[in-house]
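Chain by chain, the residues:
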Amino acid sequence: MSDLQAIADRVEIEALRGEFTDAAMMRDYDRFASLFTQDGAWRIPYVSVEFVSREEIRAGIERLQGIE
């Protein structure tokens, strides 16, 4: 992998991290779920939670953010 490709990859990863955080903070559950592949998984080990698929992830983030 070239240095230029490594830099481009890093920029894309950082952009994805920003989107993930922004979508969660703005409570944009559809956008949050769209950041995962169809068969993606979102795991939160310290509370033993796992959501698999965009549909579960979307429902899960809404449910978790409803807890205040």
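Residues numbered from 1 in each chain as written. Predicted model: local features only at pLDDT ≥ 70, side-chain atom pairs only at ≥ 80, totals over all residues. Heavy atoms only, no water.

Asks: So what exactly am I meant to see when it comes to unusual backbone geometry here?
Replies: A negative phi angle characterises most non-glycine residues, just as the trans form characterises most peptide bonds. We note that serine 48 has phi near 55°; this positive angle belongs to a residue other than glycine. Here serine 48 shows up in the loop between strand E1 (41-44) and strand E2 (49-52). Even without glycine at this site, serine 53 takes up a positive phi of about 100°. By relative accessible area, serine 53 is classed as buried at 17%. (Helix = DSSP H or I, 4+ residues; strand = E, 2+ residues; numbered from the N terminus. Buried < 20%, exposed > 50% of the residue type's maximum accessible area, 1.4 Å probe, protein only.)

Asks: Looking at this structure, how should I read the pattern of salt bridges?
Replies: Evaluation of the coordinates by the stated rule reveals 8 salt bridges. Among the ionic pairs, glutamate 62 bridges to arginine 58, the shortest N-O distance being 2.5 Å. One end of the pair is glutamate 62 and the other is arginine 58, both in helix H3 (residues 54-65) and 4 residues apart, which spans about a single turn. Under the relative-accessibility criterion, arginine 58 is labelled partly exposed at 25%. Each of Glu19, Asp22, Asp28 and Arg31 takes part in one network of salt bridges that share partners. (Salt bridge = Lys/Arg side-chain N within 4 Å of Asp/Glu carboxyl O.)

Asks: Mind showing me how you'd approach the pairing of E2 here?
Replies: When a strand is regular, its side chains alternate between the sheet's two faces. Relative to E2, E1 runs antiparallel, the two sharing 4 bridges. Pairing of isoleucine 44 across the sheet is with valine 49, part of E2. Linkage of E1 to E2, two consecutive antiparallel strands, is achieved through a turn of 4 residues, within which serine 48 is found at a positive phi near 55°. (Pairing = 2+ DSSP bridges.)

Asks: Whenever I open this one, the nonpolar core confuses me. Can you help?
Replies: What tends to happen in soluble globular proteins is that the nonpolar side chains get buried as a cluster. One finds Ala23, Ala24, Tyr29, Phe32, Ala33, Phe36, Trp42, Ile44, Phe51, Ile57 and Ile61 forming the largest nonpolar core, which totals 11 residues. Mapped by element, the contributors of at least two residues to this core are helix H1 (3-25), helix H2 (29-34), E1 and H3. Here this core takes 3 residues from H2, the largest share from any one element. Once residues within four sequence positions are removed from consideration, alanine 23 is found in contact with Asp28, Arg31 and Phe32. (Core = buried A, V, L, I, M, F, W, Y, C linked by side-chain atoms within 4.5 Å. Contact = heavy atoms within 4.5 Å.)

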